[in-house]
Amino acid sequence: MVLSDRDIKAEIAAGRIGIDPLVPENIQPASVDVRLGSNFRIFRNSSHAFIDPLTDQPGLTEEIEVEEGGTFILQPGQFALGTTFECVSVPDDILGKLEGKSSLGRMGLMIHSTAGYVDPGWVGEITLELSNVATLPIVLHPGMRIGQMSFERMSSPVERPYGSEGLGSHYQGQRGASPAHKLS
């Protein structure tokens, strides 16, 4: 069951869902708007001929930190990693789903390819998989509303929340745009 604004507020007030910092006006009827952080990662195609998911490839991405008041230009066809400004946490009986803002999607901006799912037990900033499918560059402003998080109550608490020992939860507690870990 998707949580309503009333239930989202109650879960936040009880300290079970965390959104830090929270802007109360960002709570929508069935979601919470999240904003774009200032940390990005771009692929270094000048030093790597390919991406191999089964191999560690140090230096595959380059970190970019946008200064306050600055912008990040996402070129047509470009893929980059970004991050939410907010740190999000969910308890062991709620999962989160991240979706793009409709207005941005209509401009050709996709904010996730596959990583829109926020497991029960998650804590951290959410890495965004930014793609420009438009034919013009898109200017991204850190602090702008970039996506919306909805929350669903599980049928029961999960046995092993994200971050539990033995799960290989590589991204628990992440800050900034986190590059991929090799697949095991």
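Every chain is numbered independently, its residues counted from 1 as its sequence is written. Two thresholds apply to this predicted model, a pLDDT of at least 70 for residue-level local features and 80 or more for giving and counting side-chain atom pairs, whereas whole-chain, interface and lining totals are computed over all residues. Side-chain metrics rest on all non-hydrogen atoms present in the structure, leaving aside hydrogens and water.

Per an unreviewed UniProt entry, the protein chain goes by the name dCTP deaminase, dUMP-forming and belongs to Berryella intestinalis. UniProt positions are given in the numbering used here, feature names are shortened, and annotations may be inferred rather than shown by experiment. Per UniProt, the comment on the protein chain under Subunit (unreviewed entry) is "Homotrimer." Of the comments in the UniProt record for the protein chain, the one headed Sequence similarities (unreviewed entry) reads "Belongs to the dCTP deaminase family."

K.L.:
Any chance you could explain the pairing of strand E7 (residues 94-100) here in plain terms?
P.N.:
Regular strands show a simple pattern: their side chains alternate between the two faces of the sheet. For E7 and strand E12 (residues 145-153), the ladder comprises 7 bridges, and the chain directions are antiparallel. Of the residues in E12, the one forming a bridge with Glu-99 is Gln-148. In short, DSSP must find at least two bridges between two strands for them to pair. Strands are runs of DSSP state E lasting at least 2 residues, helices are runs of H or I lasting at least 4, and numbering of each runs from the N terminus. As judged from the 2 bridges shared by E7 and strand E9 (residues 117-118), these two strands associate in the antiparallel manner. Following the sheet pairing, Gly-96 is matched in E9 by Val-118.

K.L.:
Explanation requested: the environment of Thr-127 in the structure shown.
P.N.:
Within the secondary structure layout, Thr-127 lies in strand E10 (residues 123-132). Remark: the alpha-carbon pair of Thr-127 and Ile-8, spanning 119 residues in sequence, is separated by 22 Å. When residues no more than four places from it in sequence are discounted, the contact partners of Thr-127 are Leu-81, Gly-82, Thr-83, Gln-174, Gly-176, Ala-177 and Ser-178. The contact rule is simple, with two residues in contact once any of their heavy atoms fall within 4.5 Å.

K.L.:
Any chance you could explain the pattern of salt bridges here in plain terms?
P.N.:
Oppositely charged side chains are able to pair whenever their charged atoms sit close together. When a carboxyl oxygen of Asp or Glu lies within 4 Å of a side-chain nitrogen of Lys or Arg, that pair is called a salt bridge. Under the definition given, this model contains 8 salt bridges. Between Lys-101 and Asp-33 there is a salt bridge; the shortest N-O distance is 2.9 Å. One end of the pair, Lys-101, is in the loop between E7 and helix H2 (102-105); the other, Asp-33, is in strand E2 (residues 32-35), with 68 residues separating them in the sequence. Taken together, the salt bridges that share partners define one network made up of Glu-11, Arg-16, Asp-93 and Arg-153.

K.L.:
Is there a simple way to think about the sheet that holds E2 in this case?
P.N.:
Hydrogen bonding along the main chain pairs the strands of a sheet, whether they run parallel or antiparallel. Across the sheet, which stays open at both edges, the 4 strands sit in the order E2-E12-E7-E9 with antiparallel pairing between neighbours. Only two strands of the sheet have a single partner each, and these edge strands are E2 and E9.

K.L.:
Sorry, what's going on with the environment of Ala-14 here?
P.N.:
Looking at the element boundaries, Ala-14 is found in the loop between helix H1 (5-13) and strand E1 (18-20). Any residue under 20% of the maximum accessible area for its type is buried, any over 50% is exposed, and the rest in between are partly exposed; the area is computed with a 1.4 Å probe on protein chains only. Residue Ala-14 is classed as exposed on the basis of its relative accessible area, which comes to 56%. C-alpha of Ala-14 to C-alpha of Glu-63: the two residues are 49 residues apart in sequence and 36 Å apart in space.

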